[in-house]
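Residue strings, one per chain:
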2 protein chains.
Amino acid sequence: MSDIKEVAKRANVSPSTVSRVIGGKIPVAVETKNRVLAAIAELNYRPNIIAQGLKGISTKTIGLVIPNVRSLVFPAAIRGIEDIAKKNGYVVVLCNTDEDFEQEKFYIETLRSRLVDGFIFSTARAGAQNIMELETEGFPAVLLLRQLEDCVNAVVLDNFNSAYQAVKYLISRGLRSIGLINGPLELTLYEERFAGYKKAMAEAGLALPEQAIVHGIEGGEDAYLATKDILKTGVKVDAFFATNDPKALGAMRAVKDYGLDVPNDISIMGFDNLDFAPLLDPPLTTVAQPFYEMGAKACQRLISIIEEKKNEKPQIDILAAKVIVRGSVI
Amino acid sequence: MSDIKEVAKRANVSPSTVSRVIGGKIPVAVETKNRVLAAIAELNYRPNIIAQGLKGISTKTIGLVIPNVRSLVFPAAIRGIEDIAKKNGYVVVLCNTDEDFEQEKFYIETLRSRLVDGFIFSTARAGAQNIMELETEGFPAVLLLRQLEDCVNAVVLDNFNSAYQAVKYLISRGLRSIGLINGPLELTLYEERFAGYKKAMAEAGLALPEQAIVHGIEGGEDAYLATKDILKTGVKVDAFFATNDPKALGAMRAVKDYGLDVPNDISIMGFDNLDFAPLLDPPLTTVAQPFYEMGAKACQRLISIIEEKKNEKPQIDILAAKVIVRGSVI
DNA sequence: CTGAAAGCGCTTACAG
DNA sequence: CTGAAAGCGCTTACAG
């Protein structure tokens, strides 16, 4: 790899001048500029990002902190992030924390000391000290999918309305006793989905089937067990609203295991529209989150923050979801 | 963030000495060392990786180049990679290429100039010029899942034997006319799976049902269409061996659409054991690839190459898969 | 065992 | 518009 000196020599200018044409901010005589450009091309020169970074220039890399790549909600968002990053010459470092604050801290500490220009976090939850500190110190960061008070930049889903729409749809299909398989309420998003569900039920004058409502469910397996328990109870339920697709899947299996038919005996509504949703049997009716767009938007925002440096007011983007009708609701 | 000078001042030594205790290679008087360590702790000092990188030291980051995070085979491998990376103080940059050589080139060029100490590639295929160049230049790189001649470091699956075992299992279940839904033969791994299939058939004295064998199938949708075409043909098939789970899923849907039952009319055998496999209806019998282990192993290898710098002989690790019996085979 | 100096590849005031 | 010099935060011969 050739360095800036070689380019300078070949173009017969000083390294300073080469640096100026690369930077593009400081005027350079057009004739000199062309000579430099030619030299750069001939030597296939690329500035050493590390050296630039040392000078306080950005390293053009952003840190993406998520709980786990294996969780199906992230890959699509990651694509959105990476596509935008690449378009702007950035590169992304992937960090899995397994919901562990210590690991999160580890990543923040090792990366912020210059390896990274900013962060995107999908790990926000009550008690996220590390993220808050970063934010108060003014280090560029945006939250994705998971929110944390209104004081930082974020792009999230309109969880309340999405859930509300989903349940309204269920009700419009004549379903009355609608159970809820929900995630941990310590995540704002599950609280909001719960609220949306309650609103739709209340509006329709429907009582909440308390015995068929559970929170704190983590994955498909958990949902499977919880749904079975509910069924054993003997409560009459017409439908289950599962607040994410893996939970819907678990619920569906439980219903089938119980000898009941989906959707003829019990309807199932999911949330997320993961890739596997259309492939299930029956194909899952669910709420589609615009993962790719959200990732792209978060990345775009981060990059503006990094590059403009104007401390623009923190802002929360709230995107809308959409119910996707397939075969799991009657 | 404090720098090395502050630490030096506080410990009453020169920056060189601080650097030495950090490096740990060069002897430092135990008493001085303790003073330095104390200062580091008090100031919560962390060496600036970028500055270290400038000096030719590694940046402790590795580039992971894959076709697409959204493809279900990668997330598990990524976790393996990242876990090992983290354990060794490395961080990973994620690069999606969409199977496009230009994008691959872009990433290699922007990252190798110091941002990255080495690469893991899962994008190898015929004509992978960029990877070959890197390899001949001696830049640390290891291939994962997809292979490229025997001349570079790689960790891959024993595709031949895995397919062989899968088909043998099918045959052991009394199935005779076994169709094949295969991927593009330009990928070594599909060629090998095809070979394994043929060997098992030949050993059992079974003729290949030519009309029920297709190659070049990319995803579930493709597989769905291809399987339908085969069925329309009227050939009698007892089972389909799909060389990855998404293809199996497509085949399964086609069989069901055709009014046939899985597995009673036609059995389906997949390959990969993706997370959704056990959740299908019926749960998919398939071949489990040890994705996590392969990722971990590839990362471990890369790090040894980076750190030891002994040009150890390139080596190919070939891991075994295992057939997982579930409900889609009679 | 330890310090002063040079240098990694760049950028950016400072002169001109 | 352009060059020489200083400096970003480290490491590593070179002396001692």
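Here the structure is a predicted model, which is why all the values come from computation and not from measurement.

## Remarks on the interface of chain B and chain A
Next up, step 1: With 43 residues of chain B at the interface, the matching set in chain A holds 44 residues.
Next up, step 2: Of the roughly 4400 Å² buried where chain B meets chain A, counting both sides, 62% is carbon and sulfur surface.
Next up, step 3: Considering only the surface of chain B that becomes buried against chain A, B:Ile50, B:Arg70 and B:Arg79 emerge as the three largest contributors, covering 16% of it.
Next up, step 4: Summed over the shared surface of chain B and chain A, the result is 8 salt bridges.
Next up, step 5: Linking B:Asp98 and A:Arg79 is a salt bridge whose minimum nitrogen-to-oxygen distance equals 2.7 Å.
Next up, step 6: Of all the elements in the fold, those that place two or more residues in the side of chain B that touches chain A are helix H4 (49–54), helix H5 (74–87), strand E2 (91–96), helix H6 (101–112) and helix H11 (245–257) of chain B.
Next up, step 7: Its residues assigned to classes, the side of chain B that touches chain A shows 22 nonpolar, 9 polar and 12 charged.
Next up, step 8: Sheet topology note: the strand E2 (residues 91–96) of chain A/E2(B) ladder contains 3 bridges and is antiparallel.

## Re the nonpolar core
Next up, step 1: In this structure, A:Ile178, A:Phe241, B:Ile178 and B:Phe241 are the most contacted members of the largest nonpolar core, which totals 153 residues.
Next up, step 2: Look past the residues within four positions of B:Ile178 in its chain and what remains in contact with it is B:Val167, B:Leu170, B:Ile171, B:Tyr197, B:Met201, B:Pro209, B:Ala239 and B:Phe241.

## Some remarks on the protein's contact with DNA strand C
Next up, step 1: What surrounds DNA strand C is a group of 24 residues, the closest being A:Ile4, A:Ser19, A:Tyr45, B:Arg20 and B:Thr32.
Next up, step 2: Atoms of DNA strand C within 4 Å of the protein: sugar and phosphate make up 59%, bases the balance.
Next up, step 3: In this structure, a base oxygen belonging to DNA strand C sits 2.5 Å away from a side-chain N or O atom of B:Arg20.
Next up, step 4: B:Thr32 is positioned with one of its side-chain polar atoms (N or O) 2.3 Å from a phosphate oxygen of DNA strand C.
Next up, step 5: Of all the secondary structure elements, the ones that give two or more residues to the surface near DNA strand C are helix H2 (15–23) and helix H4 (49–54) of chain A together with helix H2 (15–23) of chain B.
Next up, step 6: In the surface near DNA strand C, the residues fall into 11 nonpolar, 8 polar and 5 charged.

Parameters and conventions
- Residues numbered from 1 in each chain as written.
- Chains lettered and ligands numbered in written order.
- Predicted model: local features only at pLDDT ≥ 70, side-chain atom pairs only at ≥ 80, totals over all residues.
- Heavy atoms only, no water.
- Contact = heavy atoms within 4.5 Å.
- Buried area = accessible area lost by both parts, 1.4 Å probe.
- Salt bridge = Lys/Arg side-chain N within 4 Å of Asp/Glu carboxyl O.
- Helix = DSSP H or I, 4+ residues; strand = E, 2+ residues; numbered from the N terminus.
- Nonpolar A, V, L, I, M, F, W, Y, C, P; charged D, E, K, R; others polar.
- Pairing = 2+ DSSP bridges.
- Core = buried A, V, L, I, M, F, W, Y, C linked by side-chain atoms within 4.5 Å.
- Buried < 20%, exposed > 50% of the residue type's maximum accessible area, 1.4 Å probe, protein only.
- Near = heavy atom within 4 Å.
- Polar contact = N/O pair within 3.5 Å; in protein donor to acceptor, adjacent residues only side chain to side chain.

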